[in-house]
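As a plain string of letters, each chain reads:
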Amino acid sequence: MASWVFCNRCFQQPRGASCFSLTSCGHVYCDDCLRKGKRDECLICKVPCRTILLSKHTDSDIRALFLGIDGLCRKYSMETSQVSEFQEKHRRRLLAFYGEKISSLEESLRKSALQLEQLQSMRLAQQTAFGTIKTPVSTPTAKPSGPLFLPPDSSASQRCVGRPGPHLSAAQSSLWPPTSPALRPLAPAGWSPWKSTSPPPQGENPRPRPAPQGSP
């Protein structure tokens, strides 16, 4: 027991086989003084209290009150080191868990961004395809009323005789009548599309039409 320990009533220090007790109010008494006082009552405070015999079997928390400062520092330093090591181990384990979780979330985010980019590319391609489908195809609304010029090797029945229709442009109308023999209308000799077909006035003989060449 520490050298500063003494009986709070007779001020004697522990010696030989003497025993000391500690009260719940924090006073220390030797056995002789404790037997002189009332049971379960502090000799100094005069209040009810409990007493604990100081020995090697006393609780460690109570024995720590009588340790030297240097021994107390060594004791708590070792305990502090053990507590710090225990906490640090669990802290590292927790950080490793969160590190793995963050890596998993980053990988999921990367995959989601890649899928979003692919969907945007597919949407752009679909919009382009739909725009092409919706574009109207120009179709002729009316049949041409003007002459139709066919190549020279076409038959006479396939060629059209007449004046250019109103649907032709000024540049196309300027090409009529055709100057190229290959593009001129084919018709029997002596026949003109602009010749009047109305009957002659009364009293006049109709002018006979010349017969086509090669006829009997």
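Residues numbered from 1 in each chain as written. Predicted model: local features only at pLDDT ≥ 70, side-chain atom pairs only at ≥ 80, totals over all residues. Heavy atoms only, no water.

Asks: Hey, could you run me through the overall build of the chain in this one?
Replies: Helix and strand counts for the chain stand at four helices and three strands. The 216 residues of the chain split such that 13% are buried. Summed over its atoms, the accessible surface of the chain is roughly 18,300 Å², and 58% of this surface lies on carbon and sulfur atoms. (Helix = DSSP H or I, 4+ residues; strand = E, 2+ residues; numbered from the N terminus. Buried < 20%, exposed > 50% of the residue type's maximum accessible area, 1.4 Å probe, protein only. Areas by Shrake-Rupley, 256 points an atom, 1.4 Å probe, with all protein chains shown as cover.)

Asks: When you look at the packing of aromatic side chains in this model, what are you seeing that I'm missing?
Replies: Between two aromatic rings, the relevant description is the distance of the centres plus the angle of the planes. Under the definition given, this model contains two aromatic pairs. With centroids separated by 5.7 Å and ring planes inclined at 20°, the aromatic side chains of F6 and F11 adopt a geometry described as stacked. A residue is classified by how much of its surface remains accessible, and F11, at 58% relative accessible area, is exposed. (Phe/Tyr/Trp six-rings, centres within 6.5 Å; stacked < 30°, edge-to-face > 60°.)

Asks: Mind showing me how you'd approach a positive patch on the surface here?
Replies: Together, R9, K36, K38 and K46 line one region of the surface with positive charge. Topologically, R9 is positioned in the segment before β1 (20-23). Note on R9: relative accessible area 44%, which makes it partly exposed. (Patch = residues over 30% accessible without salt bridge, like charges linked within 9 Å, V, L, I, M, F, W, Y side chains within 5 Å. Salt bridge = Lys/Arg side-chain N within 4 Å of Asp/Glu carboxyl O. Lys, Arg positive; Asp, Glu negative; His and termini not counted. Charge placed at Lys NZ, Arg CZ, Asp CG, Glu CD.)

Asks: Would you explain the nonpolar core in this entry?
Replies: In globular proteins that are soluble, nonpolar side chains generally tend to be buried together. Judged by nonpolar contacts, the single largest core of 14 residues is most densely connected at C7, F20, L22, V28, L54 and F66. For this core, the secondary structure elements donating two or more residues are β1 and β2 (28-30). The element that contributes the greatest number of residues to this core is β2, accounting for three residues. (Core = buried A, V, L, I, M, F, W, Y, C linked by side-chain atoms within 4.5 Å.)

Asks: Any chance you could explain the pattern of salt bridges here in plain terms?
Replies: Here the idea is simple: oppositely charged side chains can pair when their charged atoms come close. Going through the model one piece at a time under the given rule, you end up with four salt bridges. One salt bridge connects R91 with E88, and the closest N-O pair in it is separated by 2.7 Å. Remark: E88 and R91 occur in helix α3 (residues 69-134); sequence separation between them is three residues, near one turn of the helix. Looking at R91, the relative accessible area reads 40%, which means it is partly exposed. Beyond isolated ion pairs, a larger network of salt bridges with shared partners links E88, R91 and R92.

Asks: Looking at this structure, how should I read the sheet that holds β2?
Replies: What links the strands of a sheet is backbone hydrogen bonding, and the strands pair in either a parallel or an antiparallel sense. The sheet built from three strands is open, its strands ordered β2-β1-β3 with antiparallel pairing. The sheet terminates laterally at β2 and β3 (51-53), the two strands that pair on one side only. Taken over all neighbouring pairs, the strand axes of this sheet differ in orientation by 30° on average, direction set aside. Bridge count between β1 and β2: three bridges; the pairing is antiparallel. Its bridge partner being in β2, L22 is matched across the sheet by V28. (Pairing = 2+ DSSP bridges. Axes fitted to C-alpha atoms, helices over the stretch in contact; angles between N-to-C directions.)

Asks: What exactly am I supposed to notice about the side chain of S21 here?
Replies: Along the chain, S21 falls in strand β1. Non-local contacts of S21, meaning those with residues more than four positions away in its chain, are made with H27, V28, Y29, D31, L34, I52, L53 and L54. (Contact = heavy atoms within 4.5 Å.)

Asks: Looking at this structure, I do not really get the environment of C30. What am I missing?
Replies: Take C30: it is sitting in strand β2. Judged by relative accessible area, C30 falls into the buried class, the value being 7%. C-alpha separation for the pair C30 and S18, spaced 12 residues apart in sequence, amounts to 7.3 Å. Leave out the neighbours within four places in its chain, and C30 touches C7, C10, C19 and F20.

Asks: Got a minute to help me understand the side chain of T23 in this structure?
Replies: Along the polypeptide, T23 turns up in strand β1. With relative accessibility at 5%, the residue T23 sits in the buried group. Apart from residues no more than four positions distant in its own chain, T23 is found in contact with Y29, C49, R50 and T51.

Asks: Would you mind going over unusual backbone geometry with me for this structure?
Replies: Glycine aside, negative phi is the norm for most residues, and most peptide bonds take the trans geometry. Residue D40 is not a glycine yet carries a positive backbone phi of 60°. Inspection of the secondary structure puts D40 in the loop between α1 (31-36) and β3. Looking at D40, the relative accessible area reads 46%, which means it is partly exposed. Non-glycine residue K46 carries a positive phi angle of around 60°. Among the structural elements, K46 can be located in the loop between α1 and β3.

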